[in-house]
Amino acid sequence: MDGVKLEQKHGKARVRVGRVWRDAKTGTHQFVEWNVSISLLSDCLSAYTNSDNSDIVATDTIKNTVYVKAKECRQQLSVEDFAIVLGKHFTSFYQQVNGAIINIVEKPWERIHVDGQPHEHGFKLGSEKHTTEVVVKKSGALQVISGIEGLSLLKTTQSGFEGFIRDKNTMLPETRERMLATEVAAKWRYAFETLPASNYFMERYMDVKKVLINTFFGPAKGGVYSPSVQSTLYHMAKDVLARVPDVTSIQLKMPNIHFLPVNLPSKDYPVIVKFEDDVYLPTDEPHGTIEATLSRIQSKM
Ligand SMILES: O=c1[nH]c(=O)c2[nH]c(=O)[nH]c2[nH]1
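Residues numbered from 1 in each chain as written. Predicted model: local features only at pLDDT ≥ 70, side-chain atom pairs only at ≥ 80, totals over all residues. Heavy atoms only, no water.

Participant: For the overall build of the chain, give the residues involved together with the corresponding values.
Facilitator: In terms of regular secondary structure, the chain is built from five helices and 14 strands. Scaling as 2.2 N^0.38, a compact globule of 301 residues should have a C-alpha radius of gyration of about 19 Å, whereas the chain reaches 24 Å, well beyond that. The C-alpha extent of the chain, read off along each of the three principal axes, is 80 × 65 × 40 Å. For the chain, buried positions account for 38% of its 301 residues. A fraction of 65% describes how many contacts in the chain between residues 6 or more apart in sequence connect residues 24 or more apart. For the chain, the exposed surface amounts to about 18100 Å²; the carbon and sulfur share of it is 53%. For the chain, the distance from the average position of its 37 positive side-chain charges to the average position of its 35 negative side-chain charges is 3 Å. (Helix = DSSP H or I, 4+ residues; strand = E, 2+ residues; numbered from the N terminus. Rg over C-alpha atoms; globule rule 2.2 N^0.38 Å. Buried < 20%, exposed > 50% of the residue type's maximum accessible area, 1.4 Å probe, protein only. Contact = heavy atoms within 4.5 Å. Areas by Shrake-Rupley, 256 points an atom, 1.4 Å probe, with all protein chains shown as cover. Lys, Arg positive; Asp, Glu negative; His and termini not counted. Charge placed at Lys NZ, Arg CZ, Asp CG, Glu CD.)

Below you can see the structure in the form of structure tokens.
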């Protein structure tokens, strides 16, 4: 049809795979669980316009390929490296495929310790998740975004919020003493040109996570004062760019999860509960939404 433009992609979402690697010498097992979503950018327009499926990679084949490639990876690898393996396969194996977008979320299985000893084959579920989005072009060009989801952080003091706009709808009192709680979701982009060495992505993930946590809390003794979620978020992003040189930009989403002071006044008695920075009502809804992206000049997120 004249005067219209068709843009399309297809793939398979939420392909779940668990992979065990067994070391026969030591008896130690490694384990990961991944949730993989794949979108292919391919020349299959006639499937849409002419009922001709001859250029389609079936989404069922896409799903099977996840298991084939998981089997072929003989050593444990990061979500980023597995996404690159998949993206390279689809863009090089199929003439029709010009690009592949791979998203993976890793479930946080952690090795269990029994009597202080790492268990050979026992794991328990942790909290925050390691994520990635990799775009592979037919030329082999790569874009890698890594991320962390569900990093729940809370401090019981060293947080306040003052000096904001006051109008007829404002009830919130100013304070220099409150709880600060959030569930950090971060995504960051890398600057590398060529494929990095193995372990690179795991190491950078640990680096970024450590900076986010250290900057949120400050020193173990005394902490650091937060004048707002916005300010703390900015310092966290700035410290990641300062301390992890390969990261060119970072996006942080930090909901402000409120802990409301509990005051129970009474008509008949002096007061039932008087708030003294001690008893709170934890709430999920509603929550503040605060997010920002910090980039080195000339990089894009
Ligand atoms: O750190 C905060 N930032 C806000 O934008 C905000 N708004 C609000 O009601 N409380 C807070 N706290």
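Participant: An account of helix H2 (residues 59-72) is requested, with residue identities and associated values reported.
Facilitator: Taking 1.5 Å per residue, 14 residues should reach 20 Å; H2 reaches 20 Å between its end C-alpha atoms and fits that length. Among the residues of H2, those classed as buried are Ile62, Thr65, Val66, Lys69 and Ala70. For H2, the arc enclosing every buried residue in end-on projection is 130 degrees, short of the 170-degree limit, so these residues lie on one face. Check the buried side of H2 and you find it contacts strand E1 (10-22), strand E2 (29-42) and helix H3 (79-93). (Expected span 1.5 Å × (residues − 1). Arc of directions from axis to C-beta.)

Participant: For unusual backbone geometry, give the residues involved together with the corresponding values.
Facilitator: With an omega of -15 degrees, the peptide bond between Glu285 and Pro286 qualifies as cis. Structurally, Pro286 is set in the loop between strand E13 (280-282) and strand E14 (291-295). In this model, Asn199 sits at a positive phi of 80 degrees, which is unusual for a non-glycine residue. Of note, Asn199 is situated in the loop between strand E8 (180-190) and helix H4 (200-217). Here Asp277, not a glycine, exhibits a phi torsion of approximately 55 degrees, which is positive. Looking at the element boundaries, Asp277 is found in the loop between strand E12 (271-273) and E13.

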